[in-house]
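The chain contents come next:
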Amino acid sequence: MAAFETHTWQSRDGLALSAQDYRGDPARSTVVCLPGLTRNARDFEDLAAAIAEVGGKFGGRRVICPDLRGRGLSAYSPVSATYNPAQYLDDTLLMLTDMGVEPFVAIGTSLGGLLTLLLASVAPSRIAGAVLNDIGPDIDPAGLARIRGYVGVAQSYPDWDAAARALARAQADIYPDAAPADWLRLARRMMREKAGAVVFDYDMAIAEPFAAADGTTPAPDLWPLFDTLAGRPLLVVRGGVSDILSRETADAMVARHQGAQLLTLPGIGHAPTLDEPVARDAIARLLGQVA
């Protein structure tokens, strides 16, 4: 498995932020993997290593996987209001500049996909292609309500096995075919050890601005942002039973972009891990279209 280096940079408000940097061929476009709301860089550890592998089917590219502020190795913000998409965008742009990244392929899961749209809207020339994992310009309110129900709820477990069993109980409908080893791997991606217990690896305060956006204010129109991806290779991945990205929205996305591909993973909810073999193959095909 390809090794990574830990890169740190500073946000404009003084936070120390962290990213995993898997070195690859500098002549090829970098891949930047952007995680979901409560997730971190470890979500992409297997995919990133495969993409960076010299001689592998992905071409041995450099891969950067940031921890958004308040997640993983990135510092927690003392001001919870800064846990918002505009701030994540600014932090990411600073990272790209600090790490010397110009053209890149974005792989964004959920919130990371929305961040991809924001990046495309402000720096379209830097986006060489994109994978949007179970997210689109229209977001199903049912899924948002479900997420509001659990984000920011602190939980702890005595050991990793207990954490894995708890995940299996809570998310069996999302990953119906997951085996015990899969749940343990997911737990180690999503959680960390702290004070003798296993806890979720994010600042519970990220729930505060998310809860404030309670659906009473009309959602912004994200389709113009999505349209800024036009002319670039695009893969939309959808969980077949996702409550965030509807089939209708996914179909509209690929219809709107000539050459865009849609991959639906039957039986999986929000969000696919991108470790699924068919997802890996689809990502390899997309990267094959990018220098």
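These remarks concern the structure in this document. (Residues numbered from 1 in each chain as written. Predicted model: local features only at pLDDT ≥ 70, side-chain atom pairs only at ≥ 80, totals over all residues. Heavy atoms only, no water.)

**Side note on the overall build of the protein chain**
Test applied: Under the DSSP-based scheme used, a helix requires at least four consecutive residues in state H or I and a strand at least two consecutive residues in state E, with every element numbered from the N terminus. We compute the radius of gyration over the C-alpha atoms and compare it with the globule rule, which gives 2.2 Å times the number of residues raised to the power 0.38. Relative accessibility decides the category of a residue: with a 1.4 Å probe and only protein chains considered, values under 20% of the type maximum give buried, values over 50% give exposed, and everything between is partly exposed. Contacts between residues were defined by any pair of non-hydrogen atoms, one from each residue, lying within 4.5 Å. All accessible-area figures derive from a Shrake-Rupley calculation using a 1.4 Å probe, and residue coverage is judged against the displayed protein chains alone.
Looking only at helices and strands, the protein chain has 10 helices and 11 strands in total. Compactness check: the protein chain gives a C-alpha radius of gyration of 18 Å against a globular reference of 19 Å for 291 residues, within 12% of the reference. Expressed as lengths along the three principal axes of its C-alpha atoms, the size of the protein chain is roughly 45 × 40 × 40 Å. The burial tally for the protein chain puts 54% of its 291 residues in the buried class. In the protein chain, the share of contacts with a sequence separation of at least 24, taken over all contacts with a separation of at least 6, comes to 75%. As displayed, the protein chain offers around 12500 Å² of accessible surface, 55% of which is attributable to carbon and sulfur atoms.

**Focus: the side chain of His257**
Put simply, the test is: Side-chain atoms alone can form a polar contact between residues adjacent in sequence; in general such a contact is a pair of N or O atoms within 3.5 Å, and within protein one must be able to donate a hydrogen while the other accepts it.
Of note, His257 is situated in the loop between α9 (247–256) and β11 (261–265). A polar contact of 3.2 Å, which involves the side chain of His257, links it to the backbone oxygen of Phe226. His257 has contacts with Phe226, Asp227, Leu229, Ala230 and Leu234, leaving out every residue within four places of it along the chain.

**Description of unusual backbone geometry**
The phi angle of most residues is negative, glycine excepted, and most peptide bonds adopt the trans form. Cis geometry marks the peptide bond from His270 to Ala271, where omega comes out at 5°. Positive phi, normally seen in glycine, also occurs at Ala195, with a value near 50°. Examined against the element boundaries, Ala195 turns out to sit in the loop between β8 (191–194) and β9 (197–200).

**Points about the state of the cysteines**
Stated formally: Working definition: a disulfide is two cysteine sulfur atoms within 2.5 Å of each other.
Inspection of the entire model under this criterion finds zero disulfides. No disulfide involves Cys33; its nearest neighbouring cysteine sulfur is the one of Cys65, lying 4.2 Å away. Accessibility expressed as a relative area gives 0% for Cys65, which makes it buried.

**A look at the packing of helix α2 (residues 85–98) against helix α3 (residues 111–122)**
Heads up, the rule is: With axes taken as lines fitted to C-alpha atoms, and helix axes fitted only over the stretch in contact, angles between N-to-C directions fall between 0 and 180 degrees. Comment on the angle field: the value is read as roughly parallel under 35 degrees, roughly antiparallel over 145, roughly perpendicular from 65 to 115, and oblique elsewhere. In a left-handed crossing the near helix is turned counterclockwise from the far helix by less than a right angle, and in a right-handed crossing that turn is clockwise. Side-chain classes follow a simple rule in which Ala, Val, Leu, Ile, Met, Phe, Trp, Tyr, Cys and Pro form the nonpolar group, Asp, Glu, Lys and Arg form the charged group, and the remainder, Gly included, forms the polar group.
In the contact formed by α2 and α3, the axes pass within 10 Å of each other and the chain directions differ by 65°. One way to sum up the angle between α2 and α3 is to call them roughly perpendicular. Crossing handedness for the pair α2 and α3: right-handed. On the side of α2, the interface is formed by Pro85, Tyr88, Leu89, Thr92, Leu93 and Leu96, while α3 contributes Leu111, Leu115, Leu118, Leu119 and Val122. Its residues assigned to classes, the contact of α2 with α3 shows 10 nonpolar, one polar and no charged.

**Comments concerning the packing of aromatic side chains**
The test is simple: Any Phe, Tyr or Trp ring, taking Trp's six-membered ring, that has another such ring centre within 6.5 Å forms a pair; planes under 30 degrees apart are called stacked, those over 60 apart edge-to-face, and the others tilted.
Tallying each qualifying case throughout the model produces four aromatic pairs. Ring centres 5.2 Å apart and planes at 50° place the aromatic pair Phe4 and Tyr22 in the tilted group. With a gap of 18 residues between them, Phe4 in the segment before β1 (5–10) and Tyr22 in strand β2 (residues 16–22) connect regions that are remote in the sequence. Their ring planes at 55° and their centres at 6.4 Å tell us that Phe200 and Tyr202 sit as a pair that is tilted. In this structure Tyr202 comes out as buried when scored by relative accessible area, which is 5%.

**Here's the deal with the packing of helix α1 (residues 45–52) against helix α10 (residues 277–287)**
Between two packed helices, both the angle of their axes relative to each other and the distance between the axes serve to describe the pair. Close contact between α1 and α10 brings their axes to 12 Å; oriented N to C, the two are set at 40°. Here α1 is positioned oblique relative to α10, judged by the angle of their axes. As for the relative orientation of α1 and α10, their crossing is right-handed in sense. Judged by residue contacts, Asp46, Leu47, Ala50 and Ile51 of α1 engage Arg280, Ile283 and Leu287 from α10. For the contact of α1 with α10, the class distribution of residues is five nonpolar, no polar and two charged.

**Some thoughts on the environment of Arg23**
If you trace the backbone, Arg23 turns up in the loop between β2 and β3 (30–34). Along the sequence, Arg23 and Arg69 sit 46 residues apart, while their C-alpha atoms lie 23 Å from each other. Ignoring anything within four residues of it in the chain, the contact list for Arg23 reads Glu5, Ala52, Arg61 and Arg62. A distance of 3.5 Å separates the side chain of Arg23 from the side chain of Glu5, its partner in a polar contact. Side-chain polar atoms of Arg23 contact the side chain of Asp21, separated by 3.0 Å.

**Some thoughts on helix α6 (residues 180–190)**
Put simply, the test is: The arc in question is traced by the directions running from the helix axis to the C-beta atoms.
Among the residues of α6, those classed as buried are Trp183, Leu186, Ala187, Arg189 and Met190. The buried residues of α6 occupy one face: seen down the axis, they fall within an arc of 160°. The outward face of α6, more than 90 degrees from its buried face, is lined by the exposed residues Pro180 and Ala181. Those residues of α6 that are buried lie in contact with α1, α5 (160–171), β8 and β9.

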